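Coordinate analysis (summary)
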Amino acid sequence: MKRSDFPFLGFGVGLRRPHYTHILENRPAMDWFEVISENFMVAGGRPLEVLAAVRDRYPIVMHGVSLSIGSADPLNKRYLNELRALALRFEPAWISDHLCWTGVGGHNLHDLLPLPYTEETVRHVSRRIRRVQDFLGRPILIENVSSYMTFKDSRLTEWEFLRAIADEADCGILLDINNIFVSAFNHRFSAEEYVDAIPVERVVQFHLAGHSDHGTHLLDTHDHPVCDAVWSLYERAVRRFGRVSTLIEWDDNIPDFKELSETAQHARRIFDAVVQPANINDGFQSQAHPGTAVPANHRA
Ligand SMILES: [Fe+2]
């Protein structure tokens, strides 16, 4: 996996149902959209029509929630077939999922559950990622999840675990800045140390989102604006990783498209203040995925 194999897409938002009509009718300025893969694993109908229309005008990436790469169950061949077919049809710039497990024994628990941070888990998960990548014919990105418990068997820090798996699987990293912040608070580790320990050459995308504060713990609810502390951590990440495609996630209490778009613009302003385009030589392609259109002022 080479970071230079991935385009820099700029600043995007998640494609969510309440905004379908606005996007189709108004074609708002937006660098790119991230879609939840499973929402479009259907035989036909409006979701696929919407996605086709969006894809005609914008770059997209596919973000999954059901790969269950950490599970002890066999990989789900049917799911992988559908994922590959969707990717062949809509040509996302990349495919991502989470570093977690979502079920076992054939039961889907519909949650992104953490793993024990051990060498054995590193070998197990990285082997599975390699199989998925071979099947899809492309490298994937794995995302750090937020968590609320740890395993007494863990021997590695979360960042050592993420790094070891990405290296052993030779995959990319989708670094969720809010998830780092949430888990750092919940488990009392340093979010800054985490960011500083992740290898630059593996990070292809950032996620930003809002969480809810319950005093003793934070919950990754994606239903609030991005908080100031997460914006600060994002700024630190931009300083370290440079030009990384950035995506705003908002899944509950979804605001109107204008507010969502303004949040993406805020990320762009932070990026612009940190990164001097003329001085960038960070290994990314300088233009969008072939066949996609990125506004000229975002091709720096
Ligand atoms: Fe995320």
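Quick look at the structure, then. (Residues numbered from 1 in each chain as written. Predicted model: local features only at pLDDT ≥ 70, side-chain atom pairs only at ≥ 80, totals over all residues. Heavy atoms only, no water.)

1. Concerning the coordination of the iron ion
Taken together, the protein donors to the iron ion comprise Glu143 (OE), Asp176 (OD), His207 (ND1) and Glu249 (OE), at separations of 2.0 to 2.3 Å. Taken together, the four donor atoms surrounding the iron ion define angles of 86 to 174 degrees at the centre, an arrangement classified as irregular. Here the donor residues for the iron ion map to a single chain with the spacing E-x32-D-x30-H-x41-E. One end of the pair, Asp176, is in strand E8 (residues 172–176); the other, His207, is in strand E9 (residues 203–208), and 31 residues separate them in sequence. You'll find Asp176 and His207 in the same group, each marked buried. (Donors = N, O, S within 2.8 Å, 3.2 Å for Na, K, Ca; no water. Tetrahedral: all angles 85-135°; square planar, octahedral: opposite > 155°, others 65-115°. Helix = DSSP H or I, 4+ residues; strand = E, 2+ residues; numbered from the N terminus. Buried < 20%, exposed > 50% of the residue type's maximum accessible area, 1.4 Å probe, protein only.)

2. Details of helix H3 (residues 77–90)
In this model H3 runs 20 Å from its N-terminal to its C-terminal C-alpha over 14 residues, within 8% of the 20 Å that 1.5 Å per residue would give. If you check which residues of H3 are buried, you get Tyr79, Leu80, Leu83, Leu86, Ala87 and Phe90. In a view along the axis of H3, the buried residues occupy a sector of 125 degrees, so they form one face of it. What points out from H3, more than 90 degrees from its buried face, is the exposed set Lys77, Arg78, Leu88 and Arg89. Here the buried face of H3 lies against helix H2 (46–57), strand E3 (60–63), strand E4 (95–98) and helix H4 (119–136). At the N-terminal end of H3, a side-chain oxygen is found 3.0 Å from the backbone nitrogen of Arg78, two or three residues along, and the residue is Asn76. Taken from the residues just after H3, Glu91 is the one with a positive phi, measuring 45 degrees. (Expected span 1.5 Å × (residues − 1). Arc of directions from axis to C-beta. Contact = heavy atoms within 4.5 Å. Polar contact = N/O pair within 3.5 Å; in protein donor to acceptor, adjacent residues only side chain to side chain.)

3. What to know about the sheet that holds E4
One closed barrel accounts for eight strands, arranged E1-E2-E3-E4-E7-E8-E9-E12; its pairing is parallel. On average, each strand axis in the sheet is tilted by 30 degrees relative to the strand beside it, whichever way the strands run. Running at roughly 150 degrees to strand E1 (residues 11–14), helix H9 (residues 257–274) makes contact with E1, strand E2 (33–36), E9 and strand E12 (245–248) of the sheet. (Pairing = 2+ DSSP bridges. Axes fitted to C-alpha atoms, helices over the stretch in contact; angles between N-to-C directions.)

4. What to know about empty space enclosed by the protein
A full pass over the atoms with the stated rule returns two cavities of 30 Å³ or more. Here the largest cavity defines a volume of roughly 80 Å³. Considering the residues around the largest cavity, the lining is formed by Leu99, Pro114, Leu115, Tyr117, Asn144, Val145, Glu158, Phe161, Leu162 and Tyr194. If you tally residues by element for the lining of the largest cavity, the top one is helix H5 (residues 158–169), at three residues. Within the lining of the largest cavity, the residues separate by chemical class into eight nonpolar, one polar and one charged. In this structure, the second largest cavity spans a volume of roughly 40 Å³. In this structure, the second largest cavity is lined by Leu67, Tyr79, Leu83, Ile95, Ser96, Asp97, Val132, Leu136 and Ile140. Looking at the lining of the second largest cavity, the elements with two or more residues in it are H3, E4 and H4. (1 Å grid on protein atoms, 1.4 Å probe; cavity = no way out; pocket = protein on both sides within 12 Å on 5 of 7 lines; lining within 4 Å. Points joined across faces, edges and corners; volume = space filled by probe spheres on them. Nonpolar A, V, L, I, M, F, W, Y, C, P; charged D, E, K, R; others polar.)

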